[in-house]
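Architecture and fold: a report
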Amino acid sequence: MKKQFLFIFFFVFISLFVNAQTYNTIALLKYSGGGDWYANPTSLKNLINFCNKELNAKLSSNYATVDVGSSELFFYPFVHLTGHGNVVFSDTDVKNLRNYLLGGGFLHIDDNYGLDVFIRREMKKVFPELDFVEIPFSHPIYHQKFSFPNGLPKIHEHDNKAPKGYGLVWEGRLICFYSYECDLGDGWEDTSVHNDTEERHLTALKMGANILQYVFSY
C-alpha cells in the first residue's frame, strides 16, 4: 500500500511538472513568521545565469516564488529558503512540505544569519523522526563540476565558526541540504551589494552550481 501511494504520488508529481512546463524552473520559498524570506533578491538570478553558462543547465532565467503551503510547490524540483529571522510553518505547511520532499522535491536552506534556531525547530515539525546530520566532505554534492574537498566555503563571517553543510536523509536520499555559517546566498548576489571580491562571488556560485547539479543528477 505504501509503495502504491508513493508511485501514485510520484506520477502526480511528474505530471504537474510536465503540465505546468516548470521542471526547469527553480523557486524561492515564501514562509510566515516575520522572517525575511525575500532576502538576497539578486542571488537566484545570478546563480541561474551561472549554471546555464557553466553547466549548460537550460534553467528558466526567471525563478518563481512559491508559498510553502501552496500546491504549486510541486511544480518545482528545487526550492531555496533563506532569511535572518523567524520561520513558522502551519500544519498545512508542514504536511505540504513533507509530501513535497518525500515525493522527490529538494529543499536548500541557506542561513543568512540568525535563521538556525528557527529553521531547526520548524523542520523538526516536518520530519520529527529525522535529525540534521553533517554531510561528509566526500559526499557528491561537494564533487560535481567543481570540487570542494573541504566542504562548504566560507563566504561571509558571522560568529567566527567554520561553515557546515547539514542534511536530512530519507531512506538513503538527501532531501534537504542546509548551508550554515557560510552564507552562499550573499555570495551569489551582485558583488556591489556586499562589496565582495569577484573571487568570492565565483566561489559561492560554484558551490551553488554543485548543489543544483547534484539535485538534477540524482
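The residue numbering used here restarts from 1 in each chain and proceeds along that chain's sequence as written. Residues qualify for local features only when their pLDDT is at least 70, as the model is predicted, and side-chain atom pairs are given and counted only at 80 or more; totals for whole chains, interfaces and linings, by contrast, use all residues. Excluded from the side-chain calculation are hydrogens and water; included are all heavy atoms of the structure.

In this section: the overall build of the protein chain. By the criteria applied, helices consist of DSSP H or I runs no shorter than four residues and strands consist of E runs no shorter than two, each listed in order from the N terminus. Helix and strand counts for the protein chain stand at 7 helices and 7 strands. Starting at the N terminus, the α and β elements of the protein chain follow one another as α-β-α-β-β-α-β-α-β-β-β-α-α-α. Think of it in three bands: residues with accessible area under 20% of the maximum for their type are buried, residues over 50% are exposed, and the middle band is partly exposed, with areas taken using a 1.4 Å probe on protein chains only. Expressed as a percentage of the 218 residues in the protein chain, the buried residues total 50%. By sequence separation, contacts in the protein chain at least 24 residues apart represent 75% of the contacts at least 6 residues apart. With an accessible surface of roughly 10,200 Å², the protein chain has 55% of that area assigned to carbon and sulfur atoms. By the convention used here, residues are in contact when the closest approach between their heavy atoms is within 4.5 Å. For the accessible areas, the method is Shrake-Rupley and the probe is 1.4 Å, while residue cover comes only from the protein chains on display.

With that settled, the discussion passes to the sheet that holds strand 7 (residues 173–180). Note: two strands are recorded as paired if DSSP finds a minimum of 2 bridges between them. Strand order across the open sheet formed by 7 strands is 2-1-3-4-7-6-5, with mixed pairing between neighbours. Bordering the open sheet on either side are strand 2 (64–67) and strand 5 (133–134), each of which pairs with just one other strand.

Another aspect to go through is the pairing of strand 1 (residues 27–30). As judged from the 4 bridges shared by strand 1 and strand 2, these two strands associate in the parallel manner. Each residue of the ladder has a partner; that of leucine 28, found in strand 2, is threonine 65. Examined bridge by bridge, strand 1 and strand 3 (residues 78–83) share 2 bridges and lie parallel to one another. Each bridged residue has a counterpart across the sheet, and for alanine 27 the counterpart in strand 3 is valine 79.

Let's shift gears to the confidence of the model for the protein chain. The predicted structure's coordinates, where accompanied by low pLDDT, should not be read in detail. In the predicted model, the protein chain carries a mean pLDDT of 91, and 90% of its residues have values of at least 70. How sure the predictor is of each residue is captured by pLDDT, a score from 0 to 100. Scored below 50 in pLDDT, residues 1–20 shows 20 contacts in the model against residues more than four places distant or in partner chains.

The next point concerns helix 3 (residues 91–102). Owing to its 3.6 residues per turn, the α-helix brings residues three or four apart onto one side. The terminal C-alpha atoms of helix 3 lie 17 Å apart, and with 12 residues this matches the ideal 16 Å at 1.5 Å per residue to within 8%. Turning to helix 3, its buried residues number three or more, namely Asp93, Val94, Asn96, Leu97, Tyr100 and Leu101. Glycine 104 sits one or two positions beyond helix 3 and adopts a positive phi of about 120°. Helix span, expected: 1.5 Å multiplied by one less than the number of residues in the helix.

To obtain each axis, a line is fitted to C-alpha atoms, and for helices this fit is confined to the stretch in contact; angles are then taken between N-to-C directions over 0 to 180 degrees. Taken N-terminus to C-terminus, the directions of helix 3 and helix 4 (residues 116–126) make an angle of 75°; their axes are 8 Å apart at the nearest point. Between helix 3 and helix 4, the angle falls in the class roughly perpendicular. On helix 4, the residues that touch Val94, Leu97, Arg98 and Leu101 of helix 3 are Met123, Lys125 and Val126. Any residue outside Ala, Val, Leu, Ile, Met, Phe, Trp, Tyr, Cys, Pro, Asp, Glu, Lys and Arg is labelled polar, Gly included; the first ten of those are nonpolar and the last four are charged. Grouping the amino acids of the contact of helix 3 with helix 4 by side-chain chemistry returns 5 nonpolar, no polar and 2 charged. Under this scheme an angle from 65 to 115 degrees is roughly perpendicular, one under 35 degrees roughly parallel, and one over 145 degrees roughly antiparallel; angles in between are oblique.

The next subject is the environment of proline 153. If you trace the backbone, proline 153 turns up in the loop between strand 5 and strand 6 (164–170). A relative accessible area of 11% places proline 153 in the buried class. For the pair proline 153 and leucine 184, spaced 31 residues apart in the sequence, the C-alpha separation amounts to 8.3 Å. Discounting chain neighbours no more than four positions away, the residues touching proline 153 are Phe148, Pro163, Cys182, Leu184, Thr203 and Met207.

Attention shifts here to the pattern of salt bridges. Here, a salt bridge means any side-chain nitrogen of Lys or Arg that lies within 4 Å of a carboxyl oxygen of Asp or Glu. Summed over the entire model, instances satisfying the criterion amount to 9 salt bridges. One salt bridge connects arginine 98 with glutamate 129, and the closest N-O pair in it is separated by 2.7 Å. With arginine 98 in helix 3 and glutamate 129 in the loop between helix 4 and strand 5, the pair connects residues that are 31 residues apart, well separated along the chain. Residue arginine 98 is classed as partly exposed on the basis of its relative accessible area, which comes to 22%. We note a salt bridge from lysine 154 to glutamate 181, for which the minimum N-O separation is 3.1 Å. Highlighted residues: lysine 154 in the loop between strand 5 and strand 6 and glutamate 181 in the loop between strand 7 and helix 5 (184–188), separated in sequence by 27 residues. If you follow the salt bridges from partner to partner, you end up with Arg121, Glu122 and Lys125 in one network.

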